[in-house]
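Now for the letters of each chain:
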4 protein chains.
Amino acid sequence: MTTTVARPDLAALAARFAEVRTRTDRLTHGLSPEDQTPQSMTEASPTKWHRAHTTWFFEEFVLGADPGYRPRDPAFRYLFNSYYEAVGERHPRAARGHVTRPGIAAVAAYRADVEQQVAARLEAGTLTEEQLDLVELGCHHEEQHQELLLMDIKHLLSGNVLQPTYVERAPDDDPTAGPTPLRWTHVSGGVTHVGDDGAGFAFDNERPRHRVWLEDVEIGTRQVTNAEWFDFIADGGYTRPDLWLSDGWASVQDAGWRAPGYWREDDDGRWTTFTLSGRRPVVAAEPVCHVSFFEADAFARWAGQRLPTEQEWEAGAASGLEVRGGLLDPQRCHPSRASEVTLGDVWEWTASAYVPYPGFETAPGAVGEYNGKFMNDQHVLRGASAITPPQHPRTTYRNFFPAAARWAFSGLRLAR
Amino acid sequence: MTTTVARPDLAALAARFAEVRTRTDRLTHGLSPEDQTPQSMTEASPTKWHRAHTTWFFEEFVLGADPGYRPRDPAFRYLFNSYYEAVGERHPRAARGHVTRPGIAAVAAYRADVEQQVAARLEAGTLTEEQLDLVELGCHHEEQHQELLLMDIKHLLSGNVLQPTYVERAPDDDPTAGPTPLRWTHVSGGVTHVGDDGAGFAFDNERPRHRVWLEDVEIGTRQVTNAEWFDFIADGGYTRPDLWLSDGWASVQDAGWRAPGYWREDDDGRWTTFTLSGRRPVVAAEPVCHVSFFEADAFARWAGQRLPTEQEWEAGAASGLEVRGGLLDPQRCHPSRASEVTLGDVWEWTASAYVPYPGFETAPGAVGEYNGKFMNDQHVLRGASAITPPQHPRTTYRNFFPAAARWAFSGLRLAR
Amino acid sequence: MTTTVARPDLAALAARFAEVRTRTDRLTHGLSPEDQTPQSMTEASPTKWHRAHTTWFFEEFVLGADPGYRPRDPAFRYLFNSYYEAVGERHPRAARGHVTRPGIAAVAAYRADVEQQVAARLEAGTLTEEQLDLVELGCHHEEQHQELLLMDIKHLLSGNVLQPTYVERAPDDDPTAGPTPLRWTHVSGGVTHVGDDGAGFAFDNERPRHRVWLEDVEIGTRQVTNAEWFDFIADGGYTRPDLWLSDGWASVQDAGWRAPGYWREDDDGRWTTFTLSGRRPVVAAEPVCHVSFFEADAFARWAGQRLPTEQEWEAGAASGLEVRGGLLDPQRCHPSRASEVTLGDVWEWTASAYVPYPGFETAPGAVGEYNGKFMNDQHVLRGASAITPPQHPRTTYRNFFPAAARWAFSGLRLAR
Amino acid sequence: MTTTVARPDLAALAARFAEVRTRTDRLTHGLSPEDQTPQSMTEASPTKWHRAHTTWFFEEFVLGADPGYRPRDPAFRYLFNSYYEAVGERHPRAARGHVTRPGIAAVAAYRADVEQQVAARLEAGTLTEEQLDLVELGCHHEEQHQELLLMDIKHLLSGNVLQPTYVERAPDDDPTAGPTPLRWTHVSGGVTHVGDDGAGFAFDNERPRHRVWLEDVEIGTRQVTNAEWFDFIADGGYTRPDLWLSDGWASVQDAGWRAPGYWREDDDGRWTTFTLSGRRPVVAAEPVCHVSFFEADAFARWAGQRLPTEQEWEAGAASGLEVRGGLLDPQRCHPSRASEVTLGDVWEWTASAYVPYPGFETAPGAVGEYNGKFMNDQHVLRGASAITPPQHPRTTYRNFFPAAARWAFSGLRLAR
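Basis of the calculations
- Residues numbered from 1 in each chain as written.
- Chains lettered and ligands numbered in written order.
- Predicted model: local features only at pLDDT ≥ 70, side-chain atom pairs only at ≥ 80, totals over all residues.
- Heavy atoms only, no water.
- Helix = DSSP H or I, 4+ residues; strand = E, 2+ residues; numbered from the N terminus.
- Contact = heavy atoms within 4.5 Å.
- Buried area = accessible area lost by both parts, 1.4 Å probe.
- Salt bridge = Lys/Arg side-chain N within 4 Å of Asp/Glu carboxyl O.
- Polar contact = N/O pair within 3.5 Å; in protein donor to acceptor, adjacent residues only side chain to side chain.
- Nonpolar A, V, L, I, M, F, W, Y, C, P; charged D, E, K, R; others polar.
- Buried < 20%, exposed > 50% of the residue type's maximum accessible area, 1.4 Å probe, protein only.
- Domains from an automatic or database assignment.
- UniProt positions renumbered as here; feature names shortened; annotations may be inferred.
- pLDDT = per-residue confidence, 0-100.
- Expected span 1.5 Å × (residues − 1).
- Pairing = 2+ DSSP bridges.
- Axes fitted to C-alpha atoms, helices over the stretch in contact; angles between N-to-C directions.
- Least-squares fit on C-alpha atoms with pLDDT ≥ 70 in both.

Enquirer: Account for the side chain of Asn226(C), naming residues and giving values.
Expert: By the secondary structure assignment, Asn226(C) is in helix H7 (residues 226–234). Contacts of Asn226(C), omitting those with residues within four sequence positions, involve Trp263(C), Val282(C), Val283(C), Ala284(C), Glu286(C), Pro287(C), Val288(C) and Cys289(C).

Enquirer: Residue-level account of the interface of chain A and chain B, with values.
Expert: Facing 30 residues of chain A, the contacting portion of chain B comprises 30 residues. Buried area between chain A and chain B, summed over both chains or domains, comes out near 2200 Å², and the portion from carbon and sulfur atoms is 59%. At the boundary of chain A with chain B, the tally comes to 2 salt bridges. The partner of Asp35(A) in a salt bridge is Arg101(B), with the nearest N and O atoms 2.9 Å apart. On inspection of chain A and its partner chain B, the count reaches 12 residue pairs in polar contact (both at pLDDT 80 or more). Elements with a minimum of two residues in the side of chain A that touches chain B: helix H2 (33–36), helix H4 (74–80), helix H5 (104–124) and helix H6 (129–158) of chain A. Along the lines of polarity and charge, the residues of the side of chain A that touches chain B split into 15 nonpolar, 11 polar and 4 charged.

Enquirer: Could you give me a rundown of unusual backbone geometry, with the residues and numbers involved?
Expert: Trans is the common state for peptide bonds, and a negative phi is the common state for residues other than glycine. That bond from Arg207(A) to Pro208(A) is cis: its omega, -5°, falls within 30 degrees of zero. Between Arg101(B) and Pro102(B) the backbone carries a cis peptide bond, its omega angle lying at 5°. In this model, Tyr262(A) sits at a positive phi of 75°, which is unusual for a non-glycine residue. Note on placement: Tyr262(A) falls in the loop between helix H8 (246–255) and strand E5 (263–265). Although it is not a glycine, Gln163(C) adopts a positive phi angle of roughly 50°. Within the fold, Gln163(C) resides in the loop between helix H6 (129–158) and strand E1 (184–187). Residue Gln163(C) is classed as buried on the basis of its relative accessible area, which comes to 16%.

Enquirer: Let's hear about the interface of chain B and chain C: which residues, and what values?
Expert: In this complex, chain B contributes 25 residues to the contact, which on the side of chain C involves 25 residues. For the pair chain B and chain C, the two sides together bury roughly 2000 Å², of which 57% comes from carbon and sulfur. Inspection of the region where chain B meets chain C yields 2 salt bridges. Of the charged contacts in the structure, one is a salt bridge between Glu215(C) and Arg211(B), with a shortest N-O distance of 3.2 Å. Between the two partners, chain B and chain C, sit 8 residue pairs in polar contact (both at pLDDT 80 or more). Those elements giving two or more residues to the side of chain B that touches chain C turn out to be strand E3 (210–214), helix H8 (246–255) and strand E8 (347–353) of chain B.

Enquirer: How would you sum up the domain arrangement of chain A? Please name residues and give values.
Expert: Residues and elements named next belong to chain A. Along its sequence, chain A is carved into domain 1 (10–158) and domain 2 (184–411). Using C-alpha coordinates to define each centre, domain 1 is positioned 27 Å away from domain 2. Listed by partner, the interface residues are 32 residues for domain 1 and 30 residues for domain 2. The largest per-residue losses of area from domain 1 upon contact with domain 2 belong to Glu-147, Met-151 and Lys-154, which jointly make up 27% of the total buried on that side. On the surface where domain 1 and domain 2 come into contact, there are 0 salt bridges. For the interface between domain 1 and domain 2, the tally reads 14 residue pairs in polar contact (both at pLDDT 80 or more). For the side of domain 1 that touches domain 2, the elements supplying multiple residues, two or more each, are helix H1 (10–28), helix H3 (47–61) and H6. Ranked by residue count, the leading element in the side of domain 1 that touches domain 2 is H6, at 17 residues. Residue composition of the side of domain 1 that touches domain 2, grouped by class: 15 nonpolar, 6 polar and 11 charged.

Enquirer: Break down the UniProt feature "domain: DinB-like" (unreviewed entry) in chain A for me, citing the residues and quoting the values.
Expert: Listed under "domain: DinB-like" (unreviewed entry) in the UniProt record, and renumbered for this structure, are residues 17–147 of chain A. As a span, residues 17–147 of chain A carries 60% helix and 0% strand, and end to end its C-alpha atoms are 17 Å apart.

Enquirer: Summarise the environment of Ser40(B); cite the residues concerned and give the values.
Expert: Locating Ser40(B) in the fold gives a position in the loop between helix H2 (33–36) and helix H3 (47–61). We classify Ser40(B) as buried; its relative accessible area is 16%. Between the alpha carbons of Ser40(B) and Pro364(B) there is a distance of 34 Å; along the sequence they are 324 residues apart. Discounting chain neighbours no more than four positions away, the residues touching Ser40(B) are His98(A), Asp152(B), His155(B) and Leu156(B). Looking at Ser40(B), its side chain comes within polar contact range of the side chain of His155(B), at 2.6 Å.

Enquirer: Could you give an account of the confidence of the model for chain A, naming the residues involved and the relevant values?
Expert: Residue and element names in this part refer to chain A. Averaged over all residues, the pLDDT of chain A equals 90, while 92% of them reach at least 70. In the model, residues 1–6 has pLDDT below 50 throughout and makes 18 contacts with residues more than four positions away in sequence or in other chains. This stretch, residues 327–344, has a pLDDT under 50; its non-local contacts, to residues over four places away or in other chains, come to 57 contacts.

Enquirer: Can you explain helix H1 (residues 10–28) of chain B? Please cite residues and give values.
Expert: Helix length check: H1(B) (19 residues) gives 28 Å between terminal C-alpha atoms against 27 Å at 1.5 Å per residue, within 8%. Among the structural elements, H2, H3, helix H5 (104–124) and helix H6 (129–158) of chain B are those in contact with the buried residues of H1(B).

Enquirer: Describe the environment of Ala403(D), and please don't skip the residues or the numbers.
Expert: Structurally, Ala403(D) is set in the loop between strand E10 (399–401) and strand E11 (410–411). Looking at Ala403(D), the relative accessible area reads 3%, which means it is buried. Note: C-alpha distance between Ala403(D) and Cys289(D) (114 residues apart in sequence) is 15 Å. Among all residues touching Ala403(D), those that are not within four sequence positions of it are Asp377(A), Ser292(D), Phe293(D), Phe294(D) and His379(D).

Enquirer: Explain the sheet that holds strand E6 (residues 271–275) of chain B to me, and be specific about the residues and the numbers.
Expert: Residue and element names in this part refer to chain B. Spatial ordering of the open sheet is given by E5-E6-E7, a layout of 3 strands whose pairing is antiparallel. The open sheet has two edge strands, strand E5 (263–265) and strand E7 (278–281), and neither has a second partner. The mean angle between the axes of side-by-side strands here comes to 30°, regardless of whether they run parallel or antiparallel. With 4 bridges connecting them, E6 and E7 associate as antiparallel partners. In the strand pairing of E7, Phe-274 is matched with Arg-279. On top of the sheet, helix H7 (residues 226–234) reaches E5 and E6; it is set at about 55° to E5, its chief contact.

Enquirer: Give me the relation of the copies chain B and chain C: which residues, what numbers.
Expert: Once chain B is rotated about the relating axis by 180° and shifted along it by 0.0 Å, it coincides with chain C to within an RMSD of 0.0 Å. Such a combination of rotation and displacement between the chain copies is what one expects of a two-fold axis. A symmetric contact is evident, with 100% of the interface residues of chain B recurring at the interface of chain C.

Okay, structure coming up:
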């Protein structure tokens with residue numbers, strides 16, 4: 001999964017572990033036992049499950065590698081394994097919301113117990129190199145679930161007629177103010193290196209670093225905004241089949257899409273959107289969010305442009321001065337905001353299908369199922385979103401979702 | 001819905017109201033917020049929803065009839081209306097388990113508030129005759145939901161690998177002891193009256209009382225037992241299409257039925273069943289439970305007998321001395337047991353489709369949707385079960401479920 | 001299946017056999033190989049299949065009872081068995097339209113061969129009593145399929161944008177002329193006999209004759225007409241949930257019903273309907289056709305009346321002078337018309353669920369699967385339709401379909 | 001769609017047109033009207049529909065471009081349009097098998113009429129450059145449908161218990177003889193050109209020619225054989241989740257895959273497969289056929305190799321001497337055989353998702369929907385199969401199917 005290169009020293013790893021674990025607790029402590037239990041669709045999971053599964057990951061892969069380690073509860077292995085066939089049978093994914101026991105308190109105790117055991121081993125220095133790698137992987141894994149649990153709780157709460165609030169937020173200044181003008185930055189082509197260079201942590205799907213050939217390209221300096229999406233809608237974007245991939249047009253008709261996810265048109269023609277701070281006006285200058293790959297692709301076609309490939313995107317992000325502003329600069333993937341969970345910057349759909357890099361190899365054992373087995377019929381997103389944990393983004397990072405998915409914080413950037 | 005005949009005086013009605021409401025609280029107070037939130041299938045509902053819906057029933061139909069009454073929360077009308085089209089739009093039934101707010105505490109407060117308001121009006125004597133009828137109906141309605149919530153929580157808990165316990169219970173004496181012998185009681189035919197005579201409370205579907213012609217019949221003095229079901233299984237009952245209705249045989253194959261609901265065969269060939277007291281051995285002498293109409297019908301065919309019609313059943317129950325023992329005696333519909341929620345006596349499938357009685361009329365207004373609109377493609381069960389509230393059963397009572405349903409406490413009695 | 005009472009003599013049976021077989025050929029000879037091959041929905045079957053299946057019935061049950069009889073082709077037993085579990089595995093019902101071989105010519109040869117063999121045995125007098133009963137049953141069986149194949153070919157052709165014609169027919173005189181006034185005929189109640197008396201042929205589901213208690217009832221002297229259905233539509237019949245059973249209202253919404261099956265509203269507001277003679281104006285004075293049980297039930301509620309039970313219907317049909325006109329008179333079940341396959345009189349939905357009569361018994365062997373195993377969750381229709389073969393109807397006849405089915409020639413008559 | 005470069009002269013185009021049209025007739029003339037009518041699954045189409053649709057293509061795009069051309073029958077535009085949104089509404093794809101009229105004879109007349117009109121214009125030299133391009137495109141389009149109709153008729157016939165034969169074929173010499181040894185050919189990497197160079201006809205999805213970076217690779221000199229697939233099965237290939245993509249493993253379980261499509265294991269453990277010449281033994285030395293992308297991918301993982309990318313495949317095919325034998329040599333894509341429709345060489349799944357080439361552009365108008373709108377969630381196959389028309393293959397050709405599809409003649413070649 002990871003190569004043991006330049007891993008922080010033990011103390012730094014212990015600090016990171018503690019910080020990540022605490023952050024999950026912080027993100028979920030305002031949610032009631034009722035909020036944490038249900039699952040609003042098969043693709044989403046209960047908050048409680050996310051909390052337990054991220055803990056199970058450390059128990060199974062780190063503690064479980066200790067000779068003689070006895071699992072805290074064999075049933076937890078069944079309940080909180082996500083998809084690791086090598087670990088054994090699992091609770092059915094679609095029924096995660098039916099697991100009422102262990103309850104919230106028992107899950108908290110499970111978290112504390114495993115956490116304490118990992119921390120103790122980190123302090124005692126008794127973990128093998130491989131276990132240390134897995135602690136590091138587990139931290140990144142838990143950060144992924146921090147984003148997922150926010151996506152999932154948003155989806156769950158959105159279905160409640162009360163339109164509940166996850167976190168309070170002040171009203172936006174002026175939802176109708178226009179976006180900054182769209183400019184283009186030039187990225188030079190040629191033989192280019194893509195993928196992680198192994199200097200720090202990266203997921204297996206970002207490796208190996210390899211060469212690709214790119215032509216020159218121009219990439220937009222900012223993401224597509226709600227203001228531009230209003231124009232797309234007004235111009236019949238959701239009613240013209242010529243703009244859409246065939247499967248995308250089928251989704252439009254089957255699901256009745258006529259605006260991004262969570263949007264609603266009021267009787268007066270004004271649009272609101274459901275956010276983690278309840279239902280609010282759509283802010284024209286903000287990046288459009290909760291659009292599917294199909295919508296991003298149709299928009300780009302309507303605009304007479306296209307989506308960048310993930311290689312172009314990465315080259316743009318790596319070319320320093322040429323790419324200004326926005327998420328292409330990894331240092332600004334997560335700009336400071338009043339709240340880290342408000343709607344804001346978005347993952348960017350690319351034109352690239354999610355396939356293995358040349359020379360891709362999976363890790364041995366169950367952890368090898370982490371990424372590789374999902375490499376078909378999904379689409380790569382790059383960057384990060386407003387709810388991605390601050391330390392998490394990388395320019396080589398490959399996020400992925402099916403083409404019709406809309407519950408991620410997903411938007412787009414144009415290329416030409 | 002009900003005719004105002006022989007209703008108990010106001011004080012008695014107030015006492016009954018208080019008792020019913022308290023009983024619901026008693027049945028649910030051991031369930032955690034997590035337990036009370038999910039919905040394990042579309043047909044089942046969350047405990048929390050049952051508690052809120054039964055309260056909404058009193059608010060909507062009793063308090064709501066007061067001129068100038070303002071609903072506690074308009075959203076509750078949307079969230080806790082079950083199926084009353086005349087009341088308006090509703091939260092989708094299949095998504096009841098996604099409603100995390102209001103939480104348990106807010107539901108308890110809702111219960112207390114409506115309860116206090118109804119009680120105050122009962123004490124003040126300000127309710128109209130029609131409202132008093134609806135209080136009485138609401139009590140019976142809440143009793144129905146007391147049984148439903150136990151069925152539903154059993155179904156929910158059964159899906160958890162931990163096989164949790166709703167209530168503790170001592171082990172059974174001897175699960176292998178055989179049942180009492182099956183005897184037959186003769187019920188004489190002729191022109192017979194069926195249905196409620198209007199002297200006390202009854203649901204609309206039990207009326208009007210009317211004449212039917214019956215031939216002589218013999219009815220079993222006890223229900224079919226697990227011991228007999230073991231024989232049915234051993235004789236290939238689930239593998240012989242000639243025993244089954246066509247739709248029943250399709251259910252056997254599609255759902256993989258090879259034993260009653262909740263049964264499981266251990267490696268040693270012994271059968272256990274999931275109960276409200278966890279997983280326990282199947283007790284040979286107990287009535288078989290959690291069988292569908294299709295299974296009851298196939299069993300009767302296998303046994304060379306048949307199911308009684310609901311009219312025969314009612315005539316048997318009404319003929320006093322001739323029918324001894326078991327649920328046919330309404331006074332014994334709910335024999336005393338250590339716990340009212342342990343597995344025990346069961347509703348009995350009849351041969352009768354659930355259709356309106358001759359001259360059936362629905363009440364005006366939304367409450368007319370109570371029973372009438374479900375009178376197609378369901379099957380009548382008579383009697384009561386171990387989890388039916390004590391005051392609830394009547395010999396004229398018509399319970400009903402689809403032919404493939406197995407999560408009710410349903411068994412059978414033979415006729416010939 | 002049948003009791004051997006008053007069967008016609010051998011010569012008469014041979015004549016009947018020849019006539020029934022010839023009638024099938026006559027009904028299908030105008031259909032091309034292409035027309036005869038596909039299946040437009042699971043519930044319908046290809047014309048070719050009907051022709052082969054009715055032949056298989058004689059081969060399997062009559063010829064197959066001969067010791068030493070060798071089936072013409074073992075594959076036909078697999079391909080043309082409809083639902084007889086006791087005969088063995090079958091071609092999947094939903095894929096009957098994928099069977100291209102044997103083709104039309106081979107099916108015709110199969111028909112001729114089996115026909116000749118049965119006829120030869122009838123002439124030689126070598127069939128047992130039981131076989132003779134099965135010849136008679138097979139004739140009635142084939143008559144049922146004559147109606148089914150017309151229902152099915154109508155459904156198939158209706159899906160073609162060319163709106164093809166099965167049979168030519170002159171235009172109707174005046175589609176807007178109103179119906180005759182609706183009058184009521186009185187049927188006296190009391191202990192009444194229902195079911196076939198065994199004097200002639202009847203299906204098993206019409207037996208045994210038994211006593212029922214009926215109250216006095218009034219039954220409409222004619223069927224509900226298209227003119228009345230226009231009023232139902234105009235009065236919002238398809239938009240008012242209070243008129244509908246719960247499952248019926250779900251069907252209205254899921255299937256988008258807003259008029260009977262095959263109806264279409266033109267831009268000028270005039271209604272046409274697809275018929276076996278192509279698309280034609282809806283004729284106001286004709287009985288409404290292609291309505292489901294749910295629609296019939298909703299209409300009756302809207303009209304402030306109800307559907308008769310099947311026992312009331314049969315009593316009405318048997319009471320001679322009191323019931324005038326229309327289908328209640330079995331002699332007029334099939335009035336003479338220019339073409340026997342034009343739209344005309346219709347089967348009448350009753351209020352009765354399709355359940356076995358008291359004392360119902362199935363025949364031994366595979367033929368016992370004929371009717372009995374379908375006796376759940378269907379609804380009884382009485383009378384006959386314009387496409388029912390002339391000799392087929394009986395006042396005791398019990399037709400049955402699921403509540404949402406609309407492709408039969410089904411209408412209704414009111415009672416009060 | 002095509003650029004007007006080096007198109008054959010008019011006489012050559014007319015000859016090609018005539019030859020392609022005749023070939024379709026030759027392929028279908030042995031199929032009865034019954035064979036030509038049904039559709040065995042949504043993805044497949046009736047033979048009759050293929051014959052009419054390929055004709056409609058010429059009528060719509062070539063004749064329809066003539067000012068004043070009147071369509072032969074407006075209904076054909078509705079019935080035989082496959083998926084061109086810009087042309088208008090279409091008959092539902094899943095119901096193509098329900099169209100019995102026009103029948104076979106009328107379709108043949110339609111073919112002859114359009115054919116004659118196109119031929120006359122070709123002879124008269126009255127077609128525009130654009131129309132001539134569309135005649136050429138229409139020929140290639142019809143060749144694609146020649147392969148599809150054979151795939152589809154095979155799928156249809158396979159579901160018949162009679163296991164019918166499309167074409168007779170002599171028995172294979174020795175089904176158990178082993179394959180030739182697998183060798184590897186080296187393909188050098190670097191900046192490489194991929195895609196069609198515009199010198200002859202190519203589909204839009206093969207363009208533009210563009211540069212890619214490739215690493216050195218070794219490609220197998222022949223396809224994977226049935227002999228090797230026997231080993232895969234024997235080694236538990238279909239029972240080990242670690243070999244499979246997650247969606248692939250779900251397919252294995254949901255569809256019950258345990259061998260390639262059409263394979264069946266006899267009681268004696270020998271495998272047969274359904275072919276266009278009926279059911280026959282699986283021939284060890286032949287390329288494995290009717291495997292999905294998921295199976296190809298799992299096999300490669302099991303073998304410790306991988307699938308080539310489409311760029312590697314094309315580089316291999318273009319590198320002349322280094323690649324010997326087999327389908328990589330386009331001249332041998334379709335080796336001489338007794339019958340062009342017997343099982344033989346196969347399309348080869350690559351590791352590449354079907355995405356647009358850099359700079360891909362669709363043609364204006366309806367014909368722009370030809371390929372582009374399907375460029376998501378499908379997988380590229382290269383080469384050709386035993387049923388691909390002889391003139392059809394190109395080394396730049398991009399075939400594509402969903403990952404779970406098995407009814408194409410699809411196999412694989414390994415890389416490392």
